[in-house]
2 protein chains.
Amino acid sequence: MKLHDLGEFPFLRSLRDRVPADPRVFLGLGDDCAVLSLPGMTLLTTDAMIEGVHFRREWTSFSTLGEKAFAVNASDIAAMGGEPTFALLSLGVPQQCEVEDLDAFFNGFVRAAEACGTALIGGNMSAASCLMLSVTLLGQAPHGVITRSGAQVGDDLYVTGTLGDAALGLRLLQEERDGPAAQAVKARFLCPSARLAIGREVAARHLATAMIDVSDGLLQDLGHVCEESHVGAVVEAPRLPLSVAYRALLGEQDWSVALTGGEDYELLFSAAVEHRTAVGALAQSGGCAITRIGRIVPQAEGLSVRGPDGATYTPAYAGYDHFRQA
Amino acid sequence: MKLHDLGEFPFLRSLRDRVPADPRVFLGLGDDCAVLSLPGMTLLTTDAMIEGVHFRREWTSFSTLGEKAFAVNASDIAAMGGEPTFALLSLGVPQQCEVEDLDAFFNGFVRAAEACGTALIGGNMSAASCLMLSVTLLGQAPHGVITRSGAQVGDDLYVTGTLGDAALGLRLLQEERDGPAAQAVKARFLCPSARLAIGREVAARHLATAMIDVSDGLLQDLGHVCEESHVGAVVEAPRLPLSVAYRALLGEQDWSVALTGGEDYELLFSAAVEHRTAVGALAQSGGCAITRIGRIVPQAEGLSVRGPDGATYTPAYAGYDHFRQA
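Residues numbered from 1 in each chain as written. Chains lettered and ligands numbered in written order. Predicted model: local features only at pLDDT ≥ 70, side-chain atom pairs only at ≥ 80, totals over all residues. Heavy atoms only, no water.

Caption draft 1: Representation of the relation of the copies chain B and chain A in the model. Superposing chain B onto chain A takes a rotation of 180° combined with a translation of 0.0 Å along the rotation axis, leaving an RMSD of 0.0 Å. Read as a symmetry element, the transformation amounts to a two-fold axis. Both copies share a contact surface, since 100% of the interface residues of chain B are interface residues in chain A too. (Least-squares fit on C-alpha atoms with pLDDT ≥ 70 in both. Contact = heavy atoms within 4.5 Å.)

Caption draft 2: View of the pairing of strand β8 (residues 231-236) of chain A. Residue and element names in this part refer to chain A. Of all the six residues making up β8, five are buried; the element is thus mostly covered by neighbouring parts of the structure. The pairing of β8 with strand β10 (residues 290-298) spans five bridges and is antiparallel. When the bridges of β10 are listed, G232 appears paired with V297. Alignment of β8 against strand β11 (residues 303-306), held across four bridges, turns out to be parallel. Opposite V234, over in β11, you have S304 as the bridge partner. (Buried < 20%, exposed > 50% of the residue type's maximum accessible area, 1.4 Å probe, protein only. Helix = DSSP H or I, 4+ residues; strand = E, 2+ residues; numbered from the N terminus. Pairing = 2+ DSSP bridges.)

Caption draft 3: Seen up close, the interface of chain B and chain A. Taken together, the 73 residues of chain B in the interface contact 73 residues of chain A. Buried surface at the junction of chain B and chain A, both sides included, amounts to about 5800 Å², of which 57% is carbon and sulfur. Remark: the boundary between chain B and chain A carries six salt bridges. The partner of D32 of chain B in a salt bridge is R148 of chain A, and the shortest N-O contact between them spans 3.2 Å. Joining chain B to chain A, the criterion identifies 20 residue pairs in polar contact (both at pLDDT 80 or more). The element best represented in the side of chain B that touches chain A is strand β2 (residues 34-50) of chain B, accounting for 15 residues. A breakdown of the residues in the side of chain B that touches chain A according to their chemical character gives 35 nonpolar, 23 polar and 15 charged. (Buried area = accessible area lost by both parts, 1.4 Å probe. Salt bridge = Lys/Arg side-chain N within 4 Å of Asp/Glu carboxyl O. Polar contact = N/O pair within 3.5 Å; in protein donor to acceptor, adjacent residues only side chain to side chain. Nonpolar A, V, L, I, M, F, W, Y, C, P; charged D, E, K, R; others polar.)

Caption draft 4: Layout of helix α7 (residues 196-204) of chain B. Residues and elements named next belong to chain B. Where α7 is concerned, the buried positions are L196, I198, G199, V202 and A203. End-on view of α7: buried residues confined to an arc of 165°, all on one side of the axis. Count one or two residues on from α7 and you reach H206, which has phi positive near 50°. (Arc of directions from axis to C-beta.)

Caption draft 5: Inspection of unusual backbone geometry at higher detail. For E176 of chain A, which is not glycine, the phi torsion reads 55° and is therefore positive. On the secondary structure map, E176 of chain A appears in the loop between α5 (165-174) and α6 (180-190). Residue classification places E176 of chain A among the exposed positions, given a relative accessible area of 72%. Here the phi dihedral of H206 of chain B falls at roughly 50°; this positive angle occurs in a residue that is not glycine. Along the chain, H206 of chain B falls in the loop between α7 and β7 (208-214).

Caption draft 6: Structural context of the packing of aromatic side chains. For the coordinates displayed, the defined rule picks out 14 aromatic pairs over all chains. Summarising the aromatic geometry, the rings of W255 of chain A and Y313 of chain A are spaced 5.5 Å apart at their centres and angled 85° between planes, so their arrangement reads as edge-to-face. Taken as a pair, W255 of chain A in the loop between α9 (244-250) and α10 (256-260) and Y313 of chain A in the segment after β11 lie far apart in primary sequence, 58 residues in all. With relative accessibility at 4%, the residue W255 of chain A sits in the buried group. Seen from their ring centres, W59 of chain B and F189 of chain B are 6.3 Å apart, and the 80° between their planes marks the pair as edge-to-face. One end of the pair, W59 of chain B, is in the loop between β2 and α3 (62-78); the other, F189 of chain B, is in helix α6 (residues 180-190), with 130 residues separating them in the sequence. Grouping residues by exposure puts W59 of chain B and F189 of chain B together as buried. Cluster of aromatic residues (ring-pair linked, three or more members): F11, F70, F105, F106 and F109 of chain A. Geometry around F189 of chain B places K68 of chain B over its ring, the cationic atom sitting 3.8 Å from the centre. (Phe/Tyr/Trp six-rings, centres within 6.5 Å; stacked < 30°, edge-to-face > 60°. Lys NZ or Arg CZ within 6 Å of the ring centre and 35° of its normal.)

Put into structure tokens, the structure is as follows:
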């Protein structure tokens, strides 16, 4: 059934029936505003996904799109060491959209949200020429927030998981390439996970001096940490964690995509050298690789990448900016 | 200068410098999340404006667009009797966009926000094929929230200001018509005001049993109140408040646009009959007309409109739904 046959309000009523009641919510979907009591510090973040810019409908199911719309926002909460609590959704939807597709989107979103204790409390829907999915997430940080601005000269630099897979996946989707390695990296682009458990543990154990999620490419996001913390950084390219699929597709020595590719949603953090053992223990218990990839240096030394011979390595491409021309 | 010449991050830094510091904000623009302490009950609402659906660039300045993007969300806060406190902005921007235009948009938004004590605390910006402006507002309701669900049989029905002007303004913009009356109604569409002061007073004086803002047309929004409150309603068409411009353009007897036109952002509320004097006093002190337009009846009687002879009046058109075909 097309959305224009059902109508906006019947669809929204059907949605309200599908969202489980939540004792934390004084007033949820269905009034002018949601109403909540939010004790302690509240985290807030918003991010959008736009058809033709962030995704193409032929690449993904609507359910996966819903999961990703949640994950990219949850990743910002994870990067502060927090836990997501409540979500608002603002959708622009083409009039010809199938109700079943929109149902699948909502179900994917709500399932991903519920899996980490997050309730959908509000939103709105309007017509648009392409699908436009804007999410606002609220969160809490019971162990305090980790900002971008606390990195100290001498700190180690760590990153979770592997880097460059999502950007490689996007490239292979665009090139319509297939095979097991291609499948693996495409999945990283289409259905990323937010590193919520690791981020929370980093906060609970007070390991990090600064943290950010790698959404615009390692060098660009590390650049934000350097700028906010007034420090420089050295990244050792041979230490970068590359997945089996990445190595199979690009080889062992091509670090460009790992350094500059966006949308990995891994966590990058700085930590004092005396926490090396504790970070190792967290990687073991957290079930997720955490790799030491470099260190924080004085601001005057800037941000640099060292190749295998110790010489400066300059990637061909500097990271993603939605607007700046290459 | 085009945005793609300046780049996303330099633009965002320039924005951060323009947003005044706010002692209520623990962490504002420039990290993965904003961080706030939010005592009491927090209101949350989100709404989007999309180029080609909600506005055309040739109709409006970017500064006015910024003011409207704030006002349409503030109206949802007003409709609960609340005050807006914090804002997040999620923008989709075409790459060819002029930096000056985007500056003007932000300045308009921030100026409108500051004028009612609201701080911009976060946001994001990404490329898009058309301008897409999604706002999330937080608010507080020191006197308690007014929902849609409390209307009682026998209550009076009131509306602030005048109805139908914005929809008429949109029509005249589309038809490229001009003249003093056309100018007046176009301004109501392009630059609406949220009825924050009246909404807050209605809450402070405990006048209303239910309240909503008229954004999708009086009949549709009154229908939401009836549904949530399990009541019906009678609207007396001759009592509907029509502006001088509306009467000049459509005459005294054409209530269709006032009954069904969207985007007026006036407040509609139900109140017990014994509050008639108090509502009149509020209209005097608040400097804004408040008109009694009908009453709440039992649910079985449904929602009806009475013409001047007391007979049922049926408008040609039932109100705005973004998706449903006429």
